[in-house]
Amino acid sequence: MSFEVRAAIIEDCAQALELIKELAIFEKAEYELSLTLDEFEKDGFGKRPSFFMYVAAHEGIILGIALCYEKYSTWKGKSIYLEDLIVTKSKRGIGIGKALFERVIREAKHRGSGRLEWQVLDWNTQAIDFYKSYGAEIDDSWLNGRFTYEQLKTINL
């Protein structure tokens, strides 16, 4: 199957959001997903975009996405964080994930990034093996911390 990898446009957001929902179901966390299409479009294509995204498409159908943003490391300087690399289940194994990941690597190199980072669930051995095939380090020594939107609202400062 042929497909193209390109920078996303606002019109891709609805299909990309469907892939994000598919990922949430795959990760058994669909109850966590609260992002709306309006938010997604504004956050990616508004006055101050919070992310950039690449899509893999075939005949107008989005088969996969790589959603990233720039972050800053006090040790390495500007870096890229790959938030999600998603390929629709029916199209896995034909090179879409590879093409998207390599597009992100090229972008990180182009920007002179000090690091390219991402997370992978410890039970997702297929994804772990994929990243390791590139020589990536999978670091299990750092723990993730976070506040949810609801928690942030309850913190009195």
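Please refer to the structure higher up on the page.
To keep things clear, this report deals only with the structure shown in the data block. The numbering scheme is per chain: residues are counted from 1 as the chain's sequence reads. Under the rules for a predicted model, residues below a pLDDT of 70 receive no local features and side-chain atom pairs below 80 are neither given nor counted, while totals for whole chains, interfaces and linings still include all residues. Excluding hydrogens and water, the side-chain figures rest on all heavy atoms present in the structure.

### Points about the overall build of the protein
Part 1 of the argument: To qualify as a helix, a DSSP run of H or I must reach at least 4 residues; to qualify as a strand, a run of E must reach at least 2; elements of each kind are numbered from the N terminus. The secondary structure content of the protein amounts to five helices and five strands.
Part 2 of the argument: Seen in sequence order, the protein has helices and strands lined up from the N terminus as β-α-α-β-β-β-α-β-α-α.
Part 3 of the argument: Radius of gyration here is computed from C-alpha atoms only, and the compact-globule reference equals 2.2 Å multiplied by the residue count raised to the power 0.38. The C-alpha radius of gyration of the protein comes to 16 Å, within 12% of the 15 Å expected for a compact globule of 157 residues.
Part 4 of the argument: Dimensions of the protein, computed from the C-alpha atoms along their principal axes, are close to 55 × 35 × 35 Å.
Part 5 of the argument: Three exposure classes are used, based on accessible area relative to the maximum for each residue type with a 1.4 Å probe and protein chains only: buried under 20%, partly exposed in between, and exposed over 50%. Scored against the burial criterion, the 157 residues of the protein give a buried share of 32%.
Part 6 of the argument: Put simply, of all contacts in the protein between residues at least 6 apart along the chain, 57% involve residues at least 24 apart.
Part 7 of the argument: Within the structure as shown, the protein displays about 10,900 Å² of accessible surface, and the carbon and sulfur contribution to it stands at 51%.
Part 8 of the argument: Averaging the locations of the 21 positively and 25 negatively charged side chains of the protein gives two centres separated by 4 Å. Residues are treated as being in contact if the distance between any of their heavy atoms lies within 4.5 Å. Here the open area of atoms and residues is found with the Shrake-Rupley method and a 1.4 Å probe, where only the protein chains shown may cover a residue. The charge count treats Lys and Arg as positive and Asp and Glu as negative. His and the chain ends do not count. The atom standing in for a charge is NZ when the residue is Lys, CZ when it is Arg, CG when it is Asp and CD when it is Glu.

### Some details on the sheet that holds strand β3 (residues 61-73)
Part 1 of the argument: The strand order across the open sheet formed by five strands is β1-β2-β3-β4-β5, and the pairing between neighbours is mixed. Unpaired on one side and paired on the other, β1 (4-7) and β5 (116-118) mark the two borders of the sheet. On average, adjacent strands in this sheet sit at an angle of 30° to one another, irrespective of strand direction.
Part 2 of the argument: Two strands qualify as a pair provided that DSSP identifies no fewer than 2 bridges between them. When β3 meets strand β4 (residues 77-87), the two strands line up antiparallel, connected through ten bridges. Pairing of C68 across the sheet is with L82, part of β4. For helices, the axis comes from a line fit to the C-alpha atoms of the stretch in contact; other axes are also lines fit to C-alpha atoms, and the angle between any two N-to-C directions lies between 0 and 180 degrees.

### Brief notes about the packing of aromatic side chains
Part 1 of the argument: Side-chain rings of Phe, Tyr and Trp (the six-membered ring for Trp) are treated as a pair once their centres are within 6.5 Å; stacked means planes under 30 degrees apart, edge-to-face means over 60, and tilted covers the remaining angles. Counting across every chain of the model gives twelve aromatic pairs.
Part 2 of the argument: Considering the side-chain rings of F130 and Y131, the 5.3 Å spacing of their centres and the 65° angle between planes classify their relative orientation as edge-to-face.
Part 3 of the argument: Taking the relative accessible area as the measure of exposure, F130 reaches 23% and is therefore partly exposed.
Part 4 of the argument: Judged by relative accessible area, which is 7%, Y131 ranks as buried.
Part 5 of the argument: Judged by centre distance (5.5 Å) and plane angle (70°), the ring pair of F130 and Y134 falls under edge-to-face.
Part 6 of the argument: Three or more aromatic residues joined by ring pairs form one cluster here, namely F101, W118, F130, Y131 and Y134.
Part 7 of the argument: Charge-over-ring contacts are defined here by two conditions on Lys NZ or Arg CZ: a distance within 6 Å of the ring centre and an angle within 35 degrees of the ring normal. Between the NZ or CZ atom of K28 and the centre of the ring of W123, over which it lies, the distance is 5.8 Å.

### Let's talk about a nonpolar patch on the surface
Part 1 of the argument: On the surface, F147, L152, I155 and L157 cluster together to form a nonpolar patch covering roughly 500 Å² of accessible area.
Part 2 of the argument: With respect to the helices and strands, L152 occurs in helix α5 (residues 149-154). What makes a patch is a set of residues exposed beyond 30% relative accessible area and free of salt bridges, joined within 9 Å when like-charged and within 5 Å when nonpolar (Val, Leu, Ile, Met, Phe, Trp, Tyr). Salt bridge, as used here: a side-chain nitrogen of Lys or Arg that lies within 4 Å of a carboxyl oxygen of Asp or Glu.

### Regarding the pattern of salt bridges
Part 1 of the argument: This model, assessed by the stated rule, comprises nine salt bridges.
Part 2 of the argument: Across the pair E4 and R6 runs a salt bridge, and its minimum N-O distance is 3.7 Å.
Part 3 of the argument: For R103, the salt bridge identified is with E107, shortest N-O distance 3.5 Å. Highlighted residues: R103 and E107, both in helix α3 (residues 96-111), separated by four residues, approximately one helical turn.
Part 4 of the argument: Exposure remark for R103: the relative accessible area of 24% places this residue in the partly exposed category.

### Notes on the environment of I138
Part 1 of the argument: Take I138: it is sitting in the loop between α4 (125-132) and α5.
Part 2 of the argument: Using a relative accessible area of 33% as the deciding quantity, one classes I138 as partly exposed.
Part 3 of the argument: Taking C-alpha positions, I138 is 25 Å from E32, a pair spaced 106 residues apart along the chain.
Part 4 of the argument: The contacts of I138, once residues within four sequence positions are left out, are W118, V120, I128, Y131 and K132.

### Regarding helix α1 (residues 13-26)
Two residues of an α-helix separated by three or four positions point the same way, owing to the 3.6 residues in each turn.
Part 1 of the argument: Take the number of residues in a helix, subtract one, and multiply by 1.5 Å to get its expected span. Relative to the 20 Å expected for 14 residues at 1.5 Å per residue, α1 spans 20 Å between its end C-alpha atoms, a close match to the ideal helical length.
Part 2 of the argument: Among the residues of α1, C13, A16, L17, L19, I20, L23 and A24 are the ones counted as buried. Viewed along the axis of α1, the buried residues span an arc of 155°, placing them on a single side of the element.
Part 3 of the argument: Looking at the packing, one finds that the buried side of α1 touches α2 (37-45), β2 (52-58), β3 and β4.
Part 4 of the argument: Looking at the residues trailing α1, positive phi occurs at K28, about 55°. Note: the arc covers the axis-to-C-beta directions of the helix.

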